[in-house]
Amino acid sequence: MSDVASTGAKGAALIGVVAVVVLATTGVWNPWPNVWSWVTQSDPIAEGVASWQAPIGGSPHSITITGGSVIVEYRTSVEAYGLTAGVKLWKSDADWAGVAGSGGDAVVVVGRLLTKGYEVLDPATGAVRRRDTDATAVWTYSDMILDMRCLKAGACELSAWEPHGSKPEWTVSTPGIGFVLNASNPDLPDTQPISAAQIDSHAAGPQALPDLIGLPGDGRIQVIDTARGRVSQTRTPARDQRVAVVGSRVLTVTGEARDGTCYYDVTAHDPPNGRTVWQRDGLNLRTADNGSDCKQERDPAGGSDVVLGVDPYGRQELIAAHDGRNLWRGEDGQNVLAVNNSYALIRSADSKTLTARSFGRGSVAWRRPVTAESSAGITTYAAIISDPKAGRLVAVSPRNGDVLIEARTDAKVFAAGPAGLILVSGRDMAYLPYRATPAK
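Residues numbered from 1 in each chain as written. Predicted model: local features only at pLDDT ≥ 70, side-chain atom pairs only at ≥ 80, totals over all residues. Heavy atoms only, no water.

1. Notes on the packing of aromatic side chains
Here is the rule: A pair of aromatic rings is counted whenever rings of Phe, Tyr or Trp (Trp by its six-membered ring) have centres within 6.5 Å, and the orientation is called stacked for planes under 30 degrees apart, edge-to-face for over 60 and tilted otherwise. Only DSSP runs of H or I covering at least 4 residues are called helices, and only runs of E covering at least 2 are called strands; the numbering of each starts at the N terminus. Each residue gets one of three labels from its accessible area relative to the maximum for its type: buried under 20%, exposed over 50%, partly exposed in between, using a 1.4 Å probe on protein chains only. The criterion for a charge sitting over a ring is simple: Lys NZ or Arg CZ within 6 Å of the ring centre, and within 35 degrees of the ring normal.
What the rule picks out here adds up to one aromatic pair. Each ring, one from W52 and one from Y431, has its centre 6.1 Å from the other, and the planes form 25°; the classification is stacked. Remark: Y431 occurs in strand β35 (residues 428–433) and W52 occurs in strand β1 (residues 52–55); sequence separation between them is 379 residues. Summarising the burial analysis for this pair, W52 and Y431 share the class buried. Here R130 stacks its cationic end above the ring of W161, 3.8 Å away from the centre of that ring.

As structure tokens, this is what we get:
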């Protein structure tokens, strides 16, 4: 092409750009909104399966399905979206949030860091139902709200509220706790869910208030009887011990460093009398890292009344915290991917099969093929299997393995409700409804 032709082409292009700019600035025609919308348009999270997909305000800290709303907690705010169409209902500035209650009776509890008190909001409207100005810590359950107020150092009170209650069900003095607990759902010495790569550890939503909880502070743990609202026992763990309150038992794990390894002992007590209910030598609840000095810095994994352990031969086993019964003992190479009080999801030694074990029936409930890259989670309504490498998600009934959802997606599951799942990819959220009501 000659220099003259090249110059002419450049000039024509420049004239075209100038014309578009003039038309846009004069309001005659503006292509930029459509162009920008095309550039920023999100890919479908689960095409053909999601009933809706909506942009959200950032990376969520937690998501909970409650009644007709989806509650999304961020680092500095909380938003509510309608479950039917994903329309934003309201937004509130808050540093932390939690959902208490279940279904249509649920409420949203919000607060600010370094500020005493909290508010109880209506999930559908964001309206304030109750306001507190003194509490420093709040725990949210499917049937109760617990809050703690420390009006002076070393003298605190723990109160229990029904989610819609206007006065506490009970209040108990908890001396010696101090100001070590704050904000929403601070960690307590109990069990922790098994983590999964593509399934949020709290996807199951708020759990029921346990019979006992432990409040840590000043090197001690006060065991609270939540039915009667009283301090049932106070435990002071030794340096080589870890205490976890599981179901209606207080578990004491002792780890002794000897011969270059750790030797464990687990004892279960029944408060308030402290009677030993069961005891196991050689049971490792994985409260310390392998090869460490046996310093126990983690709570055991499991459900609210089931703990996951490892026997002296390295085989996994599931134990009923209430009476010490073996609910399941694995073979070499088998791994528990998820567990609650009713079911365990166990991957075979060759990583090709996932088995659901029913504790109520004491037998296998169902089996499905999986891969070594698969992760799994268990909730009341759905057992979830995710394989991000294959870009595949399956949700099945925990009871019989009937398929509830099959989708091509690598998004993360953040919440499981009675009728569907919430998935998040980037800054988009999608709702995937079940094909049928899950069998319970």
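Once you've had a look at it, read on.
2. A word on the state of the cysteines
Threshold: Here, two cysteine sulfur atoms that lie within 2.5 Å of each other are counted as a disulfide.
The tally for this structure, following the rule as stated, stands at two disulfides. Residue pairing for C150: its cysteine sulfur links by disulfide to C156, the two sulfurs lying 2.0 Å apart. Between C150 and C156 the disulfide shows an S-S torsion of about 110°. By sign, it is right-handed. If the cysteines joined by disulfides in the protein are listed in sequence order, their pairing comes out as 1-2, 3-4.

3. Section: the nonpolar core
One recurring pattern in soluble globular proteins: nonpolar side chains tend to sit buried together. Rules: Throughout this description, the term nonpolar core refers to a set of buried Ala, Val, Leu, Ile, Met, Phe, Trp, Tyr and Cys residues connected via side-chain atoms within 4.5 Å. Residue contacts follow a heavy-atom distance rule, with two residues in contact if any of their heavy atoms lie within 4.5 Å.
Membership of the largest hydrophobic core comes to 20 residues, with the highest contact counts inside it found for I384, L393, I405, L421, L423, L432 and Y434. Of all elements in the fold, only β31 (392–396), β32 (403–408), β33 (412–416), β34 (420–425) and β35 reach the threshold of two or more residues within this core. Among the elements that line this core, the one with the most residues is β32, at three residues. Those residues in contact with L393, other than ones at most four positions away along the chain, are I384, I385, S386, I405, E406, A407, T409, V413, L421, L423 and L432. Counting 19 residues, the second-largest nonpolar core is a separate cluster that includes W139, M148, L181 and I213.

4. Digging into the sheet that holds strand β9 (residues 128–132)
Let me state the cut-off plainly: What makes two strands pair is DSSP finding at least two bridges between them. Axes here mean lines fitted to C-alpha atoms, for a helix over just the part in contact, with angles spanning 0 to 180 degrees between N-to-C directions.
In space, the four strands of this open sheet follow the order β6-β7-β8-β9, with antiparallel pairing throughout. Edge positions in the sheet fall to β6 (96–100) and β9, since each has one partner strand and no second. Along the sheet, successive strands turn relative to each other by an average axial angle of 20°, direction set aside. Here four bridges tie strand β8 (residues 118–121) to β9, and the two strands are oriented antiparallel to one another. Note on β9: the bridge partner recorded for E119 is R131.

5. So, the pairing of strand β5 (residues 88–93)
Relative to β5, strand β4 (residues 77–82) runs antiparallel, the two sharing five bridges. Across the sheet, the residue bridging to E79 is K91, located in β5. With antiparallel pairing between neighbouring strands as the criterion, β4 and β5 make up a hairpin whose turn holds five residues, including G86 at a positive phi of roughly 75°.

6. Description of the environment of L337
Structurally, the position occupied by L337 is in strand β25 (residues 335–339). Along the sequence, L337 and S195 sit 142 residues apart, while their C-alpha atoms lie 8.2 Å from each other. If sequence neighbours within four positions are ignored, L337 has contacts with I194, L345, R347, L354, S374 and A376.

7. Re the pattern of salt bridges
How we decide: One speaks of a salt bridge when a side-chain nitrogen belonging to Lys or Arg is within 4 Å of a carboxyl oxygen belonging to Asp or Glu.
Under the counting rule described, the total for this entry stands at 19 salt bridges. In this structure, the salt-bridge partner of D311 is R315, at a minimum N-O distance of 3.1 Å. Take R315: its relative accessible area is 28%, and that puts it in the partly exposed class. As a salt-bridge pair, D323 and R325 come within 2.8 Å of each other at their nearest N and O atoms. Its relative accessible area of 33% is what places D323 among the partly exposed residues. Of the residues examined, R325 reaches a relative accessible area of 48% and is grouped as partly exposed. One network of salt bridges, with partners in common, ties together D132, D147 and R149.

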